[in-house]
Every structure is written in structure tokens, then in C-alpha cells.
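# Structural overview
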Amino acid sequence: MTITIKDPEGIAGMRVAGRLAAELLDYLASFVKPGVTTNELDRLAEDYTTQVLGAISAPLNYAPGGHNPYPKSICTSINHQVCHGIPNDKPLKKGDIINIDVTVIKNGWHGDSSRMYMVGEVSVAARRLCKLTYEAMWKGIMKVRDGAYLGDIGHAIQSFAEGQGLSVVREYCGHGIGQNFHEDPQILHYGKPGTLEQLKAGMTITIEPMLNVGRKEIKALGDGWTIVTKDHSLSAQWEHTVLVTATGYEVLTLSANSPAIPEFVKPTVPAVILSAA
């Protein structure tokens, strides 16, 4: 396992890339409404990334081993889609929930984040799933510090999610990130405290739990990318890019319009770490 520790220059680059990813998600928010297609959201994202942010969309033509190149600039996963949903011409409808996952490259550094959006009025179950998945992500983030273990993050997410009656997708996880889209280590969203690799100050990682209302089992669709719940139950995901610091963590993908940080988080860290710089 090769884990990269970022020097001050690298951390500065990651802060910029993370902020731009958050700004892109802010920009897309007002367009997520009944009748819009995910292809239109993709076009808006690509134009904003290249023309306004002066950055590159990392997912576009991304082709890890064994996959065909990803054909779009963002991932749009709707309702029972777990992750990697490919934008298309089907309009969103009232009651949908959608995860939009973006990664921008700025000056060679990657900023990776995703958010859930609710299309008009949604069901109580869908709203609850989105809220609890967001809180589960923060439960994991709160475990990040120099010397902590990856298993601490996974256990915090799993115990919270399963305590709320939700299931945790096992096959997809967070990851190291920097000048490469995906780096070591893998960040599992389940596990046991005190196990796996130790975190070190200067590491940058993503924490991005995928939680299901129903069972944890998933399957891949024929397009080679889209992952859905096997039982067709609703799924949600949130993601932040996080820097490990000597005293805790810094969330790099926050912005002025990011969703409110849960109240249970705020007393645990200095306000400056949670601010949108």
C-alpha cells in the first residue's frame, strides 16, 4: 500500500480543488427540479467546471482497469441507484432523490464531493434516508485524526447506520486522493475500531458512505457503471474530501452554501476547521 502524505504545497492545492468541487455542487442545486434531465445537469456542470472554475472534470473519460471510459462529467444516481449513475435524457420527477457526485481537477489536484438533492416534495422515508446518511458521513469524519485507524471510521458509520435500521453497502468505499483520482488507502464504511491502517497527518481521503433503506446487496447494470440496490430499495450517499491534521481533521469540500453541519459535530472541533475558507 502506497499512501501519499501531502506537503504544504500539496495541501494548498487540495484546498483549492476541494473548494471548487463544493462550489460546483452549490451551482447545480438551483437546477435540480422536476422536468430537468440529468444530461442537462451534466452539460451545466461541464460548462461551469471548464469556463468558470478553470478546471477539468475528472470523471469524463475516466477508465480504470476493466471499465469502458466513463462518458459524462458527473455521476447522477437516482432513487435506488447506489452510485455511478450515468446522466441521460430522462427528466427528474417530483419525489425523486438524486446524488450528484463531482470531482474537479485544478492544477493537478483533485477535489471530490457528492450531495443528495430532493426533487420537490419527497417521501418521509426518502427524507429520513438522506438526513441519516449525511449524519453517518459526519460520524465517520469525526473519527479522523493523526494516529486513528481506518477501522474507527468504518465502525462509527456502520454502528450509527445499522442503529437506525439502514444497511451499509460493502463493495464501494472512500479512498485516498491527491494528484491521482483514487489513491491508497481504501476507506471502508464498516469495520472494527483499532483495525486496518493508521491515519497520518497530511493524508487526504474521501469519506462517502452509501446507505440503503433495504438490504445491503447491490448489482451492476448493463452499462458497466451504474450500481443499484438488488431489492430496488432507496439508496443515498454523501461525500467529503478530508485532510488529516495533527489535531484532527479539516473538511476540504465545504462552501458557504454547503448543507448545515450537524449540531453534534460542532462542539468537537475548532470552528475554523469547519468554515468555508
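In what follows, the structure referred to is the one given above.
This is a predicted model, so every value here is computed, not measured. (Residues numbered from 1 in each chain as written. Predicted model: local features only at pLDDT ≥ 70, side-chain atom pairs only at ≥ 80, totals over all residues. Heavy atoms only, no water.)

### Here we look at the side chain of Asp112
In this structure, Asp112 sits in strand β5 (residues 109-118). The buried charged residue Asp112 lacks any salt bridge partner; its closest oppositely charged side chain belongs to Arg115, at an N-O distance of 11 Å. At 3.4 Å, the side chain of Asp112 forms a polar contact with the side chain of His175. Those residues within four positions of Asp112 in sequence are excluded, and the remaining contacts are Ala21, Asp101, Val102, Thr103, His175, Ile177, Phe181, Thr206, Glu239, His240, Thr241 and Thr253. (Helix = DSSP H or I, 4+ residues; strand = E, 2+ residues; numbered from the N terminus. Buried < 20%, exposed > 50% of the residue type's maximum accessible area, 1.4 Å probe, protein only. Lys, Arg positive; Asp, Glu negative; His and termini not counted. Salt bridge = Lys/Arg side-chain N within 4 Å of Asp/Glu carboxyl O. Polar contact = N/O pair within 3.5 Å; in protein donor to acceptor, adjacent residues only side chain to side chain. Contact = heavy atoms within 4.5 Å.)

### Quick notes on the sheet that holds strand β13 (residues 235-237)
Pairing within the open sheet is antiparallel, and its three strands lie in the order β6-β10-β13. Each of the sheet's edge strands pairs with one partner strand only, and the pair in question is β6 (167-168) and β13. Where β6 and strand β10 (residues 210-212) come together, two bridges link them in antiparallel fashion. Across the sheet, Ser167 pairs through a bridge with Asn212, a residue of β10. (Pairing = 2+ DSSP bridges.)

### A look at the packing of helix α1 (residues 8-29) against helix α2 (residues 38-52)
The geometry of α1 relative to α2 is characterised by a closest axis approach of 10 Å and an angle of 135 degrees between their N-to-C directions. Between α1 and α2, the angle falls in the class oblique. In this structure, α1 meets α2 at a crossing whose hand is right-handed. Mapping the contact onto sequence places Glu23, Leu24, Tyr27 and Leu28 in α1 and Leu41, Leu44, Ala45, Tyr48 and Thr49 in α2. (Axes fitted to C-alpha atoms, helices over the stretch in contact; angles between N-to-C directions. Parallel < 35°, antiparallel > 145°, perpendicular 65-115°, else oblique. Left-handed = near helix turned anticlockwise from the far one by under 90°.)

### Points about the pattern of salt bridges
Oppositely charged side chains can form a pair if their charged atoms are brought close together. Applying the stated criterion across every chain, the model contains ten salt bridges. Glu40 serves as the salt-bridge partner of Arg43, at 2.8 Å between the closest nitrogen and oxygen. Of the two residues, Arg43 and Glu40 are both situated in helix α2; the distance of three residues between them amounts to about one turn of the helix. Given a relative accessible area of 30%, Glu40 falls into the partly exposed group. Through salt bridges with shared partners, a single network forms among Arg215, Lys216 and Glu217.

### So, the packing of helix α3 (residues 124-141) against helix α4 (residues 150-163)
Each pair of packed helices can be described by the angle between their axes along with the distance between the axes. For the pair α3 and α4, interaxial distance at closest approach is 8 Å and the crossing angle is 150 degrees. By the angle between their directions, the pair α3 and α4 is classed as roughly antiparallel. Crossing of α3 against α4: the hand is right-handed. In this structure, α3 uses Leu132, Glu135, Ala136, Lys139 and Gly140 to contact α4, whose residues at the interface are Ile153, Ala156, Ile157 and Phe160. Residue composition of the contact of α3 with α4, by class: six nonpolar, one polar and two charged. (Nonpolar A, V, L, I, M, F, W, Y, C, P; charged D, E, K, R; others polar.)

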